[in-house]
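Descriptive analysis of the structure
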Amino acid sequence: MNDPQPNPPESNRSPESENATESGNPPMPESAPISESAQPKKSQPNNPLHGVTLKAMVEYLVEEYGWDRLGERIRIDCFSYDPSINSSLKFLRKTEWARAKVERLYLDSISYDERKGKKQAEPMDARPKTGNVWDQARRS
């Protein structure tokens with residue numbers, strides 16, 4: 001019994017894709033996905049350190065605490081003896097445990113600032129003083 005094989009189902013391929021197959025080139029999908037490099041990725045959405053450079057962390061901590069207090073909080077010689085941003089960065093890039101301490105202090109400091117609203121509130125002295133003395137007294 002020789003049953004004829006059923007015809008293959010007709011595909012939804014366009015004539016261009018059939019021509020591409022005949023020429024030896026693989027057919028291009030109709031909706032080619034955008035390459036991964038072209039799509040923006042949020043590889044670490046929950047990492048608060050993502051996008052923050054070590055230099056920015058050190059500069060923030062120096063502004064927040066100063067070199068003396070920073071050297072007391074993290075006992076590293078580059079913060080205590082002849083401190084500078086460049087020498088600190090050089091040491092922190094080589095020493096993983098010291099970098100971890102700096103990152104921890106940075107995270108603690110920014111979370112404290114956010115909880116207390118330290119950086120968001122505008123100080124009273126920074127507001128422009130307009131009006132007469134009585135208006136200023138009512139505002140404060």
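Our structure is the block above this text.
Going along each chain's sequence as written, the residues are numbered from 1 onward. Only residues with pLDDT of 70 or above have their local features reported here, since the model is predicted, and side-chain atom pairs are shown and tallied only from 80 upward, although totals for entire chains, interfaces and linings are computed over all residues. Water and hydrogen atoms were dropped before computing side-chain values, which therefore reflect all heavy atoms in the structure.

Focus on the overall build of the protein
As a reminder of what qualifies: Put simply, DSSP marks the helices as runs of H or I at least four residues long and the strands as runs of E at least two long, and each gets a number from the N terminus on. Between buried and exposed lies partly exposed: a residue is buried under 20% and exposed over 50% of the maximum accessible area for its type, with that area taken using a 1.4 Å probe on protein chains only. We call two residues in contact when some of their heavy atoms are within 4.5 Å. Methods summary: accessible areas were calculated by the Shrake-Rupley approach with a probe of 1.4 Å, and residue burial reflects only the protein chains presented.
What the protein contains, in helices and strands, is six helices and zero strands. Starting at the N terminus and ending at the C terminus, the protein contains elements arranged as α-α-α-α-α-α. Going through the 140 residues of the protein one by one, you find that 22% of them count as buried. The long-range share in the protein, meaning contacts at least 24 apart out of those at least 6 apart in sequence, stands at 46%. Summing over all exposed atoms, the protein offers an accessible surface of approximately 11900 Å²; the carbon and sulfur share of this is 50%.

What to know about the nonpolar core
The test is simple: Residues belong to one nonpolar core when they are buried, are Ala, Val, Leu, Ile, Met, Phe, Trp, Tyr or Cys, and are joined through side-chain atoms within 4.5 Å.
Membership of the largest hydrophobic core comes to 21 residues, with the highest contact counts inside it found for Leu61, Leu70, Phe79 and Leu92. For this core, the elements supplying multiple residues, two or more each, are helix H2 (54-73), helix H3 (77-80), helix H4 (85-94) and helix H5 (96-116). In terms of residue count, the dominant contributor to this core is H2 (eight residues).

A short note on unusual backbone geometry
With a phi angle near 50°, Asp82 is a residue other than glycine that sits in the positive phi range. Its place among the elements puts Asp82 in the loop between H3 and H4. By relative accessible area, Asp82 is classed as exposed at 72%.

Here's the deal with the pattern of salt bridges
The cut-off we apply is this: The working definition used for a salt bridge is a side-chain nitrogen of Lys or Arg within 4 Å of a carboxyl oxygen of Asp or Glu.
As enumerated under the stated definition, the model contains two salt bridges in all. Here Glu103 ties to Arg99 by a salt bridge, and the two come within 3.0 Å at their closest N and O atoms. Taken together, the positions of Glu103 and Arg99, both in helix H5 and four residues apart, correspond to about one turn of that helix. A relative accessible area of 25% places Arg99 in the partly exposed class.

Here we look at H4
Heads up, the condition is: It is the directions from the helix axis to the C-beta atoms that the arc portrays.
Taken together, the buried positions of H4 are occupied by Ser88, Leu89 and Leu92. For H4, the arc enclosing every buried residue in end-on projection is 100°, short of the 170-degree limit, so these residues lie on one face. For H4, exposure combined with an orientation more than 90 degrees from the buried face picks out Asn86, Lys90 and Lys94. In the core, the buried residues of H4 are packed alongside H2, H3 and H5.

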